[in-house]
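# Coordinate analysis (summary)
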Amino acid sequence: MTPKADVRIEYVNDYPVAIIVFDERVEILSSCVSNGGLRETDTIIIMQVDSTYNHDDPQVDIDHVIEQLDLPKDTVSFMTAAEVDRVISDVTTKYDGYQARAIATAGLSNQVVAGDILENYEERHRISMERRNRLMHAGTINIIGISEIPLTDAAKVNSIIAMTEAKTAAMNDLGFKETGTTSDAIAIVCSKEGERVNYAGTGFGVGIALARSVRDAVRRCLIKRGDFPYDMSDEESKELKGRYA
């Protein structure tokens, strides 16, 4: 069965923190700021920071939040300037007997096609500041995928490919040509116990379930936030909201 996780929002210095606590120790492979890589833990957080956040050693701020919330030191930690308490989305999908869950936060302004140089940043920053005046900030796409079955290390990497492609598909659904932002982070979580599968890509049941959950969750985040391409009309964005509501 999928590792069970409780999701709640708490606040540190008025900034929301999403806390995901599992009912067992789980394996996690991630690109996270803190405790990234291949780890075991039972806690993940997504902490919000200011849109102008710039710190040479973000671990200091992460440690402060973990201490304030009395969380374990092995907590895997994401950071974002997106409004965590507003945009967080949690989607579970079943496919061909497999079940997978995705928890995501997302916001855009630094979106780019992978491999391209980020251009027009000043204009994007201006638009981001307008959003900030409406209680919206710049953002990052953070994704946590949860597999119902144990994965080999190779399958974990395989699943991250599927989830990353699904993130881009979600952006494409809403009219973006870009593939993500310059600060995205991702994690795959699975149980430590049980027979492991070797494959979790887009041609396998668990990978398809993960990808569908991620695509839906990221899309929901962006719709909640009102993030659509800058040249999209209000009528077009309204139609998309209705299509994916």
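To start, this report covers the structure provided alongside it. (Residues numbered from 1 in each chain as written. Predicted model: local features only at pLDDT ≥ 70, side-chain atom pairs only at ≥ 80, totals over all residues. Heavy atoms only, no water.)

## Observations regarding the overall build of the protein
When helices and strands are counted, the protein shows six helices and ten strands. Buried positions account for 54% of the 245 residues belonging to the protein. Counting only carbon and sulfur atoms, one obtains 47% of the accessible surface of the protein, whose full area is about 11600 Å². (Helix = DSSP H or I, 4+ residues; strand = E, 2+ residues; numbered from the N terminus. Buried < 20%, exposed > 50% of the residue type's maximum accessible area, 1.4 Å probe, protein only. Areas by Shrake-Rupley, 256 points an atom, 1.4 Å probe, with all protein chains shown as cover.)

## Some words on the pattern of salt bridges
Applying the stated rule across the entire model yields 15 salt bridges. Salt-bridge contacts for lysine 156 lead to aspartate 153; the nearest nitrogen and oxygen are separated by 3.3 Å. Taken together, the residues lysine 156 and aspartate 153, both in helix H4 (residues 153–173) and three residues apart, mark about one turn of the helix. Looking at lysine 156, the relative accessible area reads 1%, which means it is buried. Measuring nitrogen to oxygen at the nearest pair gives 2.7 Å for the salt bridge that ties arginine 215 to aspartate 173. On the criterion of sequence distance, the pair formed by arginine 215 in helix H5 (residues 205–225) and aspartate 173 in helix H4 is long-range, its members being 42 residues apart. You can call arginine 215 partly exposed: its relative accessible area is 34%. A residue is classified by how much of its surface remains accessible, and aspartate 173, at 13% relative accessible area, is buried. Look at the salt bridges and you will find they share partners, linking Asp173, Arg215, Asp216, Arg219 and Arg220 into a network. (Salt bridge = Lys/Arg side-chain N within 4 Å of Asp/Glu carboxyl O.)

## Thoughts on H5
Along an α-helix, residues three or four apart share an orientation, since each turn contains 3.6 residues. Between its first and last C-alpha atoms H5 spans 31 Å; for 21 residues at 1.5 Å apiece the expected length is 30 Å, and the two agree. With its phi angle positive at about 80 degrees, glycine 226 sits one or two positions after the end of H5. (Expected span 1.5 Å × (residues − 1).)

## Digging into the nonpolar core
Formed by 38 residues in total, the largest nonpolar core has its most connected members in Ile143, Met163 and Val218. Every element with two or more residues in this core is listed here: strand E6 (98–105), H4, strand E10 (185–191) and H5. In terms of residues, this core owes the most to one element, H5, which gives ten residues. Setting aside anything within four residues of it in sequence, one finds valine 218 in contact with Ala104, Ile141, Ile143, Lys167 and Ala170. Judged by nonpolar contacts, the second largest core, of 19 residues, contains Val26, Ile44, Ile46 and Phe78. (Core = buried A, V, L, I, M, F, W, Y, C linked by side-chain atoms within 4.5 Å. Contact = heavy atoms within 4.5 Å.)

## Some points on the packing of aromatic side chains
All told, the structure shown has one aromatic pair when counted by the stated rule. Judged by centre distance (5.1 Å) and plane angle (15 degrees), the ring pair of tyrosine 199 and phenylalanine 204 falls under stacked. (Phe/Tyr/Trp six-rings, centres within 6.5 Å; stacked < 30°, edge-to-face > 60°.)

## Here's the deal with the packing of H4 against H5
Taken N-terminus to C-terminus, the directions of H4 and H5 make an angle of 35 degrees; their axes are 8 Å apart at the nearest point. Classified by chirality, the crossing of H5 by H4 is right-handed. On H5, the residues that touch Ser159, Ala162, Met163, Ala166, Lys167, Ala169, Ala170, Met171 and Asp173 of H4 are Gly207, Leu210, Ala211, Val214, Arg215, Val218, Arg219 and Leu222. For the contact of H4 with H5, the per-class residue count stands at eleven nonpolar, two polar and four charged. (Axes fitted to C-alpha atoms, helices over the stretch in contact; angles between N-to-C directions. Left-handed = near helix turned anticlockwise from the far one by under 90°. Nonpolar A, V, L, I, M, F, W, Y, C, P; charged D, E, K, R; others polar.)

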